[in-house]
Amino acid sequence: MKYPLSLLVLALPSWAFAQQNNDIETITVEHKQAFRGDIPAQELPQSITTLGKDLISDNGITRFRDALDFSASISRKNNGGALWDSYSIRGLSGNENMPSGYLINGFSGGRGFAGPRDVSNIEYIEVLKGPGSALYGRSEPGGTVNIITKKPQFYQQGQLQAEIGSDNHTRVQGDYTNAVNDDVAFRINGAWQDSDSYRDYVHHDKFAITPSLYYQVGDDSSLTYEFEYVDQQQMYDRGIVVLNGDIETLPESRFLGNPNDTPTKVHSRGHQLQYHNDLNSDWSLLVGASYRTGTLTGYSSDAELSPSRQSVYDDGRTLTRQHRYRDYKSDDLSARIELSGHFEVAGITNHVLIGVDGYDYELRTGLYRYRGGYGTYTLDIFEPDYNSMPGPDVSMQYENNEQQDAYGIYVQDQLDLGDSLKVMLGLRFDEIAQDIFETKSGVASKSTKNRISPRFGVVYDVNSAINLYASYSEGFLPLSGTDANGKPFGFEESDSFEVGIKFSTEHLSGTLAWFDATKSNMLVSDPINVGYSAPVGEANSRGVELDLSGSLGSNSDYTLSYAYVDAKTANDVINADWLVPIPEGSPLVNVPKHNAAVAINHALTLWQQDIKVGAHYKYNSDRLGDPADLSFRIPSYQLVGLYAKWFASQQLSVALNVDNIFNEHYIASSYNAMWAYPGAPTQFKLSVGYDF
């Protein structure tokens with residue numbers, strides 16, 4: 001049986017070919033990724049960090065957002081009551097009250113309310129940093145994240161893993177793939193989790209299953225279908241309050257909501273279909289579509305953010321709260337056709353990528369609340385009395401019904417001008433129509449906008465191990481939602497410049513990059529009109545990044561990621577609602593200037609037993625915790641984790657992970673001093689895995 005040549009990933013030997021009995025070769029089929037064409041990552045004028053499945057597995061990671069901590073370019077943002085993934089790349093992010101967008105196999109995956117993503121079907125994660133907007137389209141200027149899922153294989157392989165840990169953590173995870181016949185293979189993976197947490201009354205209940213099929217249509221073409229089914233629920237949890245800048249005002253376990261609210265429920269479903277055809281040895285065609293739905297519904301009791309309504313500022317213990325109900329729903333349909341290949345003209349090789357994509361996105365965000373006056377619906381933060389009474393009745397705060405329709409055309413050509421110099425030219429045209437109707441105010445808005453976004457890049461190969469690159473790109477995307485007056489935010493425009501050096505030797509590879517990115521219409525949380533966002537105008541981010549991976553001898557390897565990010569407002573703003581001046585040069589919320597992550601592991605034989613041990617280290621410098629209160633800063637923190645894995649046999653392994661071994665008390669992300677989310681104390685996890 002023949003496989004499309006471009007589906008065999010030879011650049012990553014750990015995924016490509018495995019020797020069995022020294023003479024039997026097992027071929028692993030990898031699927032061609034969108035937006036990449038036939039250009040190796042090393043030759044792209046862009047910084048790319050890959051977070052592999054071994055890094056995820058060794059460090060006992062089960063949540064997508066925890067894996068992103070190993071890229072220092074990424075910092076955590078408001079986590080939506082711990083019910084969605086939100087982050088910035090190079091200090092720049094989208095709507096503070098929305099989850100962060102990311103890609104799944106090149107298709108939109110993070111848009112809407114699908115809950116925190118599980119890692120059970122992740123093969124690896126690409127952090128595509130910097131100016132790629134002309135190609136990827138509709139992304140933040142800091143970059144985007146692309147999740148590559150596990151693919152069906154034509155041989156039997158499987159794994160079962162069971163975990164127990166701190167706070168009654170219980171999890172079972174499985175993965176199995178095999179051939180149905182010579183032309184069809186399948187894979188099914190997923191996880192079930194039932195756990196308490198270090199947060200009182202916050203219980204996690206999750207079920208995720210992701211089956212997929214691969215069909216070899218012909219010698220040079222294939223069809224892949226993937227399905228995601230995820231149900232999860234937990235209490236909506238805004239975290240703790242920080243009084244007078246003291247992050248230890250309360251223990252990290254203190255829940256300030258109402259246990260009688262019952263858990264918030266999240267349901268998401270996803271479908272992806274991709275067709276790939278190697279038209280000949282030089283050209284390939286990729287056609288795909290994705291459809292995703294998500295809902296988030298439930299009650300919460302959240303601290304009141306308005307100082308004039310908040311009684312805790314006066315007596316230091318009586319917290320005024322709002323009672324809220326959320327009814328969010330999203331439907332996201334997208335499609336893409338992409339042709340890539342190369343040809344030669346006058347001795348110059350042209351690596352060409354041509355594509356057309358589009359989407360139909362519907363979003364409903366309904367927020368209903370009780371908002372009493374000063375000292376109403378209260379809780380004593382030091383001696384909370386969680387009585388059996390439900391929260392007060394709620395009424396509509398807002399209900400946005402949004403429709404986005406868009407299409408884009410992109411073309412890119414990377415020219416090999418001799419053996420060392422490569423020049424990339426790219427253009428993307430987008431037209432986006434956005435209709436929003438806010439039910440309570442009756443305000444309706446319609447807008448259509450189009451934009452051409454250019455991309456330019458240069459790569460110079462110093463030698464086979466080192467190349468230099470520079471890149472510039474402009475971007476354009478719509479911003480979902482409305483402000484407190486029912487008015488839409490409109491569109492964001494951005495530009496980004498980056499220069500760097502890539503190097504790859506036998507024992508060390510990495511990227512050193514300097515970047516400068518600017519975006520208009522930057523959104524932050526509106527502390528007066530809680531639940532809304534508001535623009536602060538233009539924002540700029542400059543910095544330096546270093547990403548390294550390598551080996552320390554034959555049995556040890558490591559990854560290191562460091563970022564210096566200076567992200568700040570680029571103009572003076574006085575917000576009419578806040579009546580707070582935000583001067584030019586003010587820092588952006590939740591963005592540390594210094595961020596670092598290191599992971600190291602070592603394989604050894606002890607008492608004739610194979611063992612793997614490792615450690616990871618995480619550092620975040622202090623950062624702004626409230627966009628409207630420049631005096632509220634979150635202290636720096638350092639985290640250390642250890643793990644040990646014993647390979648009892650070729651199939652059976654036992655692992656122990658310990659995170660935050662020094663029991664650091666820290667704030668992981670913040671929306672406001674009243675909504676500061678604490679990080680976990682020391683956590684233990686014991687897992688048993690069986691491979692077959």
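Residues numbered from 1 in each chain as written. Predicted model: local features only at pLDDT ≥ 70, side-chain atom pairs only at ≥ 80, totals over all residues. Heavy atoms only, no water.

(A) Spatial organisation of the overall build of the protein chain. Of the regular secondary structure elements, the protein chain holds 5 helices and 38 strands. Here the protein chain holds 692 residues, and the buried ones make up 57% of them. (Helix = DSSP H or I, 4+ residues; strand = E, 2+ residues; numbered from the N terminus. Buried < 20%, exposed > 50% of the residue type's maximum accessible area, 1.4 Å probe, protein only.)

(B) Expanded view of the sheet that holds strand β7 (residues 107–108). Taken in spatial order, the 5 strands of this open sheet run β3-β8-β9-β6-β7, and their pairing is mixed. The open sheet terminates on both sides in strands that have one partner only, identified here as β3 (48–52) and β7. Here 2 bridges tie strand β6 (residues 103–104) to β7, and the two strands are oriented antiparallel to one another. Looking across to β7, one finds that L103 is bridged to S108. (Pairing = 2+ DSSP bridges.)

(C) Local environment of the packing of aromatic side chains. In this structure the tally under the stated criterion is 19 aromatic pairs. Ring geometry for F64 versus Y87: centroids 6.5 Å apart, planes at 75°, classification edge-to-face. Residue F64 is found in helix α3 (residues 64–67), and its partner Y87 is found in strand β5 (residues 87–89); the two are separated by 23 residues along the sequence. An identical accessibility class is assigned to F64 and Y87; each is buried. Ring centres 5.0 Å apart and planes at 55° place the aromatic pair F64 and Y102 in the tilted group. Of this pair, F64 sits in helix α3 while Y102 sits in the loop between β5 and β6, and the two are 38 residues apart along the sequence. F64 sits in the buried class, given a relative accessible area of 0%. Members of the aromatic cluster, connected to one another through ring pairs, are Y176, F186, Y690 and F692. (Phe/Tyr/Trp six-rings, centres within 6.5 Å; stacked < 30°, edge-to-face > 60°.)

(D) A look at unusual backbone geometry. Although it is not a glycine, R90 sits at a positive phi angle of roughly 55°. Inspection of the secondary structure puts R90 in the loop between β5 and β6. Of the residues examined, R90 reaches a relative accessible area of 1% and is grouped as buried. For A346, which is not glycine, the phi torsion reads 55° and is therefore positive.

(E) Region of interest: a nonpolar patch on the surface. On the surface, L213, Y215, V217, L223, Y225 and L273 cluster together to form a nonpolar patch covering roughly 480 Å² of accessible area. Contributing elements (two or more residues each) for the nonpolar patch: β13 (204–218) and β14 (221–234). Residue contributions to the nonpolar patch peak at 3 residues, all from β13. (Patch = residues over 30% accessible without salt bridge, like charges linked within 9 Å, V, L, I, M, F, W, Y side chains within 5 Å. Areas by Shrake-Rupley, 256 points an atom, 1.4 Å probe, with all protein chains shown as cover. Salt bridge = Lys/Arg side-chain N within 4 Å of Asp/Glu carboxyl O.)

(F) Focus on the environment of I188. Checked against the element boundaries, I188 lands in strand β12 (residues 184–195). I188 sits 37 residues away from K151 along the chain, and the two C-alpha atoms are 9.2 Å apart. In contact with I188, not counting residues within four places along its chain, are G174, D175, Y176, I209, T210 and P211. (Contact = heavy atoms within 4.5 Å.)

(G) Expanded view of the environment of A406. Note that A406 resides in strand β20 (residues 395–417). Along the chain, A406 and G358 lie 48 residues apart, while their C-alpha atoms are 5.3 Å from each other.

(H) Quick look at the pattern of salt bridges. Applying the stated criterion across every chain, the model contains 39 salt bridges. Salt-bridge contacts for E226 lead to K151; the nearest nitrogen and oxygen are separated by 2.7 Å. Note that E226 is positioned in strand β14 and K151 in the loop between β9 (143–149) and β10 (157–165), a separation of 75 residues in sequence. Neither E226 nor K151 differs from the other in exposure class; each is buried. Two residues, D380 and R317, come together in a salt bridge whose shortest N-O distance is 3.1 Å. Of the two residues, D380 is situated in strand β19 (residues 378–380) and R317 in the loop between α5 (312–315) and β17 (318–345); the sequence distance between them amounts to 63 residues. Judged by its relative accessible area of 23%, D380 is partly exposed. Note on R317: relative accessible area 31%, which makes it partly exposed. Ionic contacts of the salt-bridge type, sharing partners, join the residues R90, K129, E498, E545 and D547 into one network.

(I) Fine view of the nonpolar core. One finds V241, L256, L319, I381 and M674 to be the most contacted residues of the largest nonpolar core, which totals 21 residues. At the level of secondary structure, the elements contributing two or more residues to this core comprise β36 (667–672) and β37 (675–678). The contact partners of V241, leaving out residues within four places of it in the chain, are T249, L250, L256, L319, I381, A673 and M674. If you look at the next biggest cluster of nonpolar residues, it comprises 20 residues, including I61, F70, V127 and I147. (Core = buried A, V, L, I, M, F, W, Y, C linked by side-chain atoms within 4.5 Å.)

(J) Layout of the side chain of Q322. Locating Q322 in the fold gives a position in strand β17. You can call Q322 buried: its relative accessible area is 1%. Within the structure, the side chain of Q322 is placed 3.0 Å from the side chain of E304, a separation counted as a polar contact. (Polar contact = N/O pair within 3.5 Å; in protein donor to acceptor, adjacent residues only side chain to side chain.)

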